[in-house]
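Per-entry structural report
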Amino acid sequence: MTQPLNIVWNPSEGIDLGFFMIRYYSLMFVIAFGLGWFLMKKIFERENESIDKLDSLFVWTVLATLIGARLGHVLFYDWEYFRNHLLEIFLPVRFEPKFEFTGFQGLASHGAAIAIIVAMYYYSKMILKRPLLWILDRVVIPVASGAIFVRLGNFFNSEIIGHETTSAFGIRFLHDQFSKNEAVNATQIADPKAAYTAIATDPKFADLLAQVPAKHPTQLYEAILYVFVFAVLFFLYWKTNARLKSGLLFGLFLVLLFAVRFVVEFVKESQGGFENELGLFSTGQWLSIPFIIIGLFFIIRAQRNPLAES
């Protein structure tokens, strides 16, 4: 039987500047959006499109991603809770069982995808003055690159992890096994960071460390596969005439990205949602199927209309 690498994942919350903490999850979002802006700038320059329209595209995409991802989590994964806590949908806090600042912890990629498509419709009509598929065929390139960094952010947060495994890829997510309060109470060390470090390194707490199972790092699986998705779209846009086939790159993006999501879900812990009612697949898999079907439609459509102007 293959043994896991026995890596104990105990990341810090971020880069401590003394007066301010740059959290890794937020940093990954900043990198994702910054790289996205750079990629779209190069695309706009190639297409002789006004760079003046790029700033509004950036704003629309950022808002659509954050709002769509948040609402997607609320509606698809945790509506039973939020239906009775409507204010918490829009505020980064939790009122029960006690008031605490939580940040926006729930973000769903399916919701972000829907919101971005809707935002691009209005952007294409109101600002860009080009067909919807023209911008969708191009914006999916930076979106694919952004997905890589979002999943890296999930890895730093020790969230969206996989089932227990004895494979060589297993990682022991310390923060997933013990909350801050649990780590403090178990070690009697007041500082959560020091408590986690003690569990990970101090032989005195070996019994606590032994409780941490190795699990699939599904965030890394997705991030690595999204590199492939991005590379395919990037190559086809810059090195072939795929950009001239209306809907082809958009369709490929939907098929490739959500096929990755569908496959990785088999080793991912349940995120909740409606999977218990439907059975067979997880909520993430059920939500991915329509995107894959829609993507196949656009791929077939593009092949039947070769070199159609977007």
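As the structure is a computational prediction, the values presented were derived from the model and not from experiment.

Moving on, we get to the nonpolar core. One finds F44, L57, M120, I135 and L233 to be the most contacted residues of the largest nonpolar core, which totals 51 residues. Setting aside its immediate chain neighbours within four residues, I135 contacts M40, F44, L57, M120, Y123, S124 and L128. Formed by twelve residues, the second largest nonpolar core is a distinct cluster that contains Y196, A198, F205 and L209.

Now for the packing of helix α1 (residues 24-46) against helix α11 (residues 218-239). Between α1 and α11, whose axes approach to 12 Å, the crossing angle comes to 15 degrees. If you check the angle between α1 and α11, you find them roughly parallel. Two packed elements cross with a definite hand, and for α1 against α11 that hand is left-handed. Contacts from L39, K42, I43 and R46 in α1 reach F230, F234, Y237 and W238 in α11. Residue composition of the contact of α1 with α11, by class: six nonpolar, no polar and two charged.

Compared with the 32 Å implied by 1.5 Å per residue over 22 residues, the 33 Å span of helix α14 (residues 283-304) between its first and last C-alpha is a close match. Among the residues making up α14, those that are buried are T283, G284, Q285, L287, S288, F291, I292, G295, F298, I299 and A302. In this structure, the buried side of α14 is in contact with α2 (54-76), α5 (109-128), α6 (132-156), α12 (248-264) and α13 (275-278).

This part is about the sheet that holds strand β1 (residues 7-9). Pairing in this open sheet of three strands is mixed, and the strands run β1-β6-β7 from one edge to the other. Single-partner strands in this sheet number two, and they are β1 and β7 (214-215). Pairing of strand β6 (residues 171-173) with β7, which is carried by two bridges, proceeds in the antiparallel orientation. Of the residues in β7, the one forming a bridge with R172 is A214.

With respect to the helices and strands, the residue H163 is situated in the loop between α6 and β6. The exposure class assigned to H163 is partly exposed, which follows from its relative accessible area of 37%. Each C-alpha atom of the pair H163 and V59 lies 37 Å from the other, and the pair is 104 residues apart in sequence. Setting aside chain neighbours within four positions, we find H163 in contact with A214, K215, H216, F266, V267, K268 and E269. Within the structure, H163 has its side chain in polar contact with the backbone oxygen of K268 (distance 3.1 Å).

Evaluation of the coordinates by the stated rule reveals 20 aromatic pairs. Ring centres of Y121 and Y122 lie 5.3 Å apart, and the angle between their planes is 85 degrees; on these two criteria the pair is classed as edge-to-face. The exposure class of Y122 is partly exposed, given its relative accessible area of 44%. Pairing F250 with F298 gives two aromatic rings, centres 5.3 Å apart and planes at 70 degrees, and the pair type is edge-to-face.

So, about the side chain of R261. The topology assignment puts R261 in helix α12. If near-sequence neighbours (up to four positions away) are discounted, R261 is found in contact with Y77, S109, H110, R151, E222, Y226, K268, G284 and S288.

Further remarks concern the packing of α11 against α12. At a closest axis distance of 10 Å, the pairing of α11 and α12 adopts a crossing angle of 165 degrees. The orientation of α11 with respect to α12, classified from their angle, is roughly antiparallel. Our pair here, α11 against α12, has a crossing hand that is right-handed. Residues T218, Y221, E222, L225, Y226, V229, V232, L233, L236 and Y237 of α11 pack against L249, L252, F253, L256, L257, V260, R261 and V264 of α12.

One can find E96 in the loop between β4 (93-94) and β5 (100-101). On the basis of relative accessibility, which here comes to 46%, the residue E96 falls in the partly exposed class. For the pair formed by E96 and S124, sequence separation is 28 residues and the distance between their alpha carbons is 42 Å. Beyond its immediate stretch of four places on either side in the chain, E96 contacts Y81, H85 and E88.

Scoring rules and cut-offs
- Residues numbered from 1 in each chain as written.
- Predicted model: local features only at pLDDT ≥ 70, side-chain atom pairs only at ≥ 80, totals over all residues.
- Heavy atoms only, no water.
- Core = buried A, V, L, I, M, F, W, Y, C linked by side-chain atoms within 4.5 Å.
- Buried < 20%, exposed > 50% of the residue type's maximum accessible area, 1.4 Å probe, protein only.
- Contact = heavy atoms within 4.5 Å.
- Axes fitted to C-alpha atoms, helices over the stretch in contact; angles between N-to-C directions.
- Helix = DSSP H or I, 4+ residues; strand = E, 2+ residues; numbered from the N terminus.
- Parallel < 35°, antiparallel > 145°, perpendicular 65-115°, else oblique.
- Left-handed = near helix turned anticlockwise from the far one by under 90°.
- Nonpolar A, V, L, I, M, F, W, Y, C, P; charged D, E, K, R; others polar.
- Expected span 1.5 Å × (residues − 1).
- Pairing = 2+ DSSP bridges.
- Polar contact = N/O pair within 3.5 Å; in protein donor to acceptor, adjacent residues only side chain to side chain.
- Phe/Tyr/Trp six-rings, centres within 6.5 Å; stacked < 30°, edge-to-face > 60°.

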